[in-house]
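Structure assessment
These are the residues of each chain, in order.
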Amino acid sequence: MIPAFFNSIVTLITRTSVDLPPDVRRAMRDALGREIPTSSGGQALAIIAENIDQAVEAEGPICQDTGMPTFEVKVPVGANQIWMEARIREAVAEATRRGKLRPNSVDSITGRNSGDNLGPGTPIVHFEQWERDDIEVKLILKGGGCENTNAQYALPLDLPHLGRADRSLEGVRKCILHAVWQAQGKGCSPGAVGVCIGGDRTSSYLHAKQQLFRTLDDVNPDERLAALEAQVMSTVNTLGVGPMGFGGDVSLIGCKVGAQNRLPASFFVSVAYDCWAFRRLGVVLDAGTGEITQWLYRDGDRPSQPMFEPGTVGFVRSGHERVLTTPLDEATVRSLKVGDVVMVNGRMYTGRDTVHHHLMAHEPPVDLRGGVIYHCGPVMVKEGEGWKMVAAGPTTSIREEPYQADVIARYGVRAVIGKGGMGAKTLTALAQHGAVYLNAIGGAAQFYARTVKAVDGVSLLEFGVPEAMWHLTVADFPAIVTMDAHGHSLHKDVEQASGEKLDLLAKV
Ligand code: SF4
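What comes next is a walk through the structure. (Residues numbered from 1 in each chain as written. Predicted model: local features only at pLDDT ≥ 70, side-chain atom pairs only at ≥ 80, totals over all residues. Heavy atoms only, no water.)

Quick notes on the overall build of the protein chain
Counted only if it meets this: Secondary structure elements are defined from DSSP: runs of H or I of at least 4 residues count as helices, runs of E of at least 2 residues count as strands, and each element is numbered from the N terminus. A radius of gyration in this sense is built from C-alpha atoms; the matching globule rule multiplies 2.2 Å by the number of residues raised to 0.38. Each residue is assigned to one of three classes by its accessible area relative to the maximum for its type, calculated with a 1.4 Å probe on protein chains only: buried under 20%, partly exposed between the two thresholds, exposed over 50%.
Looking only at helices and strands, one finds 14 helices and 20 strands in the protein chain. Taking 508 residues into account, the globule formula puts the C-alpha radius of gyration at 23 Å, and the protein chain, at 22 Å, falls close to it. Principal-axis analysis of the C-alpha atoms gives the protein chain an extent of 70 × 60 × 50 Å. Within the protein chain, the proportion of its 508 residues that are buried is 60%.

Rendered as structure tokens:
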């Protein structure tokens, strides 16, 4: 029995979800200074920076996808790990109830959301004994969008644009570059990568993720790996993927590489991609009381340094934005071009994986003609009879690629909002039916929650909070046209241009 243990874990979860650590803030401040403020990438970073400050102010999740809670716990010899794991699980459920974590644990067979982030394999808790008398708990919250962009390579192999990747550090370098390139904006760039050379398939991924517990500005104690990290960081940003995959000068804010012994026949390179919302913190606890004696990854007890001076806003309107009011008509939508910044007003409906699958066999519960579908799985808190939206950024749209064209054609949807872009089938449907894809800024969950003026209702709540169809009224919701009704796709263009840059980097 350690009296304060439960409260300390709830505090750790809360702070991890709402307050980015100083090393990540420094990297994002540096990124902000490197992009042209009026460019799409610059505007995206301004919204992200504003969102980082808003999350602290509101004590709300930085991003609505609070990810898979992963705890690394070090305990003194003889500590009761069974008791601690039970309290950690209770703390996760409590943080979920308070709206600091989104309910993210879904039965893989039935699709049922447990509602409290508990279930087989959730949360992930790893214990290790050490010779010290205190307890160390580290936590990382890594969301699904960036998790889906992880990559594992079995060397030797041939990589598009980069050629042969041999079983050498040069081969590893090529794998890292390929992973960053193929992620484009889907993992909410600029991101950071944890890399493992070696291990087996499972231990390799685990070790890659563990690299993300290093600070972005540390130096690898292994000189060979330090040189590799430096080499990647000195060239990777010439790729031009840029913030959110819009193109630009900052694609990656960190590269951390570790190595594990391997079998002679295997040579795996695993890349764990984390987004800009790089939520990782830790605490040291008194083993007798459970009180927090020290925060890890923070500058002592000093409060976080805001991204902007008080009273300054990040996203500044240029005056050239197109104001859209729903429902949208075909002529308005066809007048939009890739690169236009729009401010959306009126009704939109959230819909992601389960809703899109549902719409293949069922009529929509609302009239979607002229409507806007927002790929978003929000964090919601029940307030009396109603609901309060706590966090509401976009989710990765490409998952809906098998369905989106049919949904647009059948139900007359005029705009789809998400992040990371969509594929050729959707692009064709946009042109055929007069619709548009709008890229909102991934992870900017607090920023977008503030544009929601009312939660007017909800359909399909049986799918769980993130997957339900929420009826929202928004005002001045900014997004960028990245796929238009004329067959143009910024995502396709950036992927092609950055692929050509990969050709050059293969020879560096
Ligand atoms: S910032 Fe983007 S990739 Fe990261 S958790 Fe949020 S939605 Fe997912």
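Next comes the rest of the write-up.
Concerning helix H7 (residues 201–210)
This is how the line gets drawn: Pairs of residues are marked as contacts when any of their non-hydrogen atoms sit within 4.5 Å.
Buried residues of H7: Ser204, His207, Ala208 and Lys209, and no others. In this fold, the buried residues of H7 make contact with strand E1 (68–76), strand E3 (135–142), strand E4 (151–154), strand E7 (191–198), strand E8 (252–260) and strand E9 (268–274).

A few points about the pairing of strand E11 (residues 292–296)
Basically, it comes down to this: Should DSSP find at least two bridges between two strands, the strands are regarded as paired.
Where strand E10 (residues 279–285) lies against E11, 4 bridges are found, and the strand directions are antiparallel. What sits directly across from Leu285, in E11, is Ile292.

Thoughts on the sheet that holds E7
Cut-off, in case you're wondering: Note on method: axes are straight lines fitted to C-alpha atoms, helices fitted across the in-contact stretch only, with angles between N-to-C directions ranging 0 to 180 degrees.
Taken together, the 4 strands give an open sheet; going across it, the order is E4-E9-E7-E8, and neighbouring strands pair in mixed fashion. Of all the strands in the sheet, the pair left with one neighbour each is E4 and E8. For this sheet the average axis-to-axis angle between neighbouring strands, irrespective of direction, equals 15°. The pairing of E4 with E9 spans 4 bridges and is antiparallel.

Some words on the nonpolar core
Our working rule: We call a set of buried Ala, Val, Leu, Ile, Met, Phe, Trp, Tyr and Cys residues a nonpolar core when their side-chain atoms join them within 4.5 Å.
Within the largest apolar cluster, 134 residues are counted, with the highest numbers of intra-cluster contacts made by Phe71, Trp276 and Phe477. Here this core takes 8 residues from helix H6 (residues 169–183), the largest share from any one element. Ignoring any residue separated from it by four or fewer positions in sequence, one finds Phe477 in contact with Val342, Met343, Val344, Met348, Tyr374, Ile417, Ala440, Tyr448 and Thr451. Counting 20 residues, the second-largest nonpolar core is a separate cluster that includes Val366, Leu368, Met422 and Met483.

Some points on the packing of aromatic side chains
Basically, it comes down to this: Put simply, two rings from Phe, Tyr or Trp (the six-membered ring, in Trp's case) pair if the centres are within 6.5 Å, and we call them stacked under 30 degrees between planes, edge-to-face over 60, tilted for the rest.
Applying the stated rule across the entire model yields 6 aromatic pairs. Centre to centre, the rings of Phe5 and Trp83 are 5.7 Å apart; their planes meet at 55°, and the pair counts as tilted. Highlighted residues: Phe5 in helix H1 (residues 5–18) and Trp83 in helix H4 (residues 81–97), separated in sequence by 78 residues. Neither Phe5 nor Trp83 differs from the other in exposure class; each is buried. Measuring from centroid to centroid gives 5.4 Å for Phe447 and Tyr448, while their planes differ by 85°, and the two rings are edge-to-face. We classify Phe447 as buried; its relative accessible area is 9%. Among the residues examined, Tyr448 registers a relative accessible area of 0% and is labelled buried.

Re the site of the ligand
How we decide: The cutoff for a nearby residue is simple: one of its non-hydrogen atoms must lie within 4 Å of the molecule or strand. Definitions used throughout: a 1 Å grid over protein atoms alone; a cavity as a set of points that fits a 1.4 Å probe which cannot get out; a pocket as an open set with protein on both sides within 12 Å along at least five of seven lines; a lining residue as one with an atom within 4 Å of a point. More than half of a molecule's atoms lying within 2 Å of a cavity's or pocket's grid points is what places that molecule inside it. Residues were grouped as follows: Ala, Val, Leu, Ile, Met, Phe, Trp, Tyr, Cys and Pro as nonpolar; Asp, Glu, Lys and Arg as charged; and all remaining residues, including Gly, as polar.
In the vicinity of the ligand lie 13 residues, with Cys63, Cys146, Cys188, Cys275 and Arg279 positioned nearest. The cavity where the ligand resides is the largest cavity. Considered class by class, the residues forming the shell around the ligand number 6 nonpolar, 4 polar and 3 charged.

Things to note about H4
Just so we agree on the cut-off: Multiplying one less than the number of residues by 1.5 Å gives the expected span of a helix. Pairing of N or O atoms within 3.5 Å defines a polar contact, subject to two protein rules: one partner must be a possible hydrogen donor and the other a possible acceptor, and residues neighboring in sequence count only if both atoms are side-chain atoms.
Compared with the 24 Å implied by 1.5 Å per residue over 17 residues, the 24 Å span of H4 between its first and last C-alpha is a close match. When H4 is considered as a whole, its buried residues turn out to be Trp83, Met84, Arg87, Ile88, Ala91, Val92, Glu94, Ala95 and Thr96. Between the side-chain oxygen of the N-cap and the backbone nitrogen of Ile82 there are 3.1 Å, and the N-cap of H4 in question is Asn80. Gly99, located one to two residues past H4, shows a positive phi value of around 80°.

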